[in-house]
Amino acid sequence: MIDRLNMIISGLKNAVNLTVENVLARLKEMKVEVTEEDTAGDWGGWSVISKAIDVGILNLSDADINAMYYVFRRCATLEEMVKEHC
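Below is a short write-up of the structure. (Residues numbered from 1 in each chain as written. Predicted model: local features only at pLDDT ≥ 70, side-chain atom pairs only at ≥ 80, totals over all residues. Heavy atoms only, no water.)

### Some details on the overall build of the protein chain
Inference 1: When helices and strands are tallied, the protein chain shows three helices and zero strands.
Inference 2: Listing each helix as α and each strand as β along the protein chain from the N terminus yields α-α-α.
Inference 3: A burial count over the protein chain gives 24% of its 86 residues as buried.
Inference 4: Accessible area for the protein chain stands at about 6100 Å²; split by element, carbon and sulfur atoms hold 52% of it. (Helix = DSSP H or I, 4+ residues; strand = E, 2+ residues; numbered from the N terminus. Buried < 20%, exposed > 50% of the residue type's maximum accessible area, 1.4 Å probe, protein only. Areas by Shrake-Rupley, 256 points an atom, 1.4 Å probe, with all protein chains shown as cover.)

Structure (structure tokens):
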């Protein structure tokens, strides 16, 4: 069970990280400053997405934003569940 949860967490994190990495690369190409502190921790990915929205390279509907928020939160919840059972 724990192994399956870890696989789910890894898959979700990889999907989120890939999206964030692509957006971060676009921001850097545009010479938009994103400090390493902005990309650290659980909400680092969200900081990059927010910056991309601010500069206009992303235009997300409320549904997209809610879905991304859900993925970030579920990753954190699943990680806590795994920690409690290990």
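### Quick notes on the nonpolar core
Inference 1: In terms of nonpolar packing, the biggest core is built from 13 residues, with Val23, Leu27 and Val48 touching the most fellow members.
Inference 2: Of all elements in the fold, only α1 (2-29), α2 (44-55) and α3 (62-85) reach the threshold of two or more residues within this core.
Inference 3: It is α1 that provides the largest number of residues to this core, a total of five residues. (Core = buried A, V, L, I, M, F, W, Y, C linked by side-chain atoms within 4.5 Å.)

### A look at unusual backbone geometry
Inference 1: The backbone of lysine 31 sits at a positive phi, close to 65°, despite the residue not being glycine.
Inference 2: Inspection of the secondary structure assignment puts lysine 31 in the loop between α1 and α2.
Inference 3: Residue lysine 31 is classed as exposed on the basis of its relative accessible area, which comes to 74%.

### Some thoughts on the pattern of salt bridges
Inference 1: For the structure shown, the criterion picks out one salt bridge.
Inference 2: We note a salt bridge from glutamate 80 to lysine 83, for which the minimum N-O separation is 3.8 Å. Within this pair, glutamate 80 and its partner lysine 83 are both found in helix α3, separated by three residues, close to a single helical turn. (Salt bridge = Lys/Arg side-chain N within 4 Å of Asp/Glu carboxyl O.)

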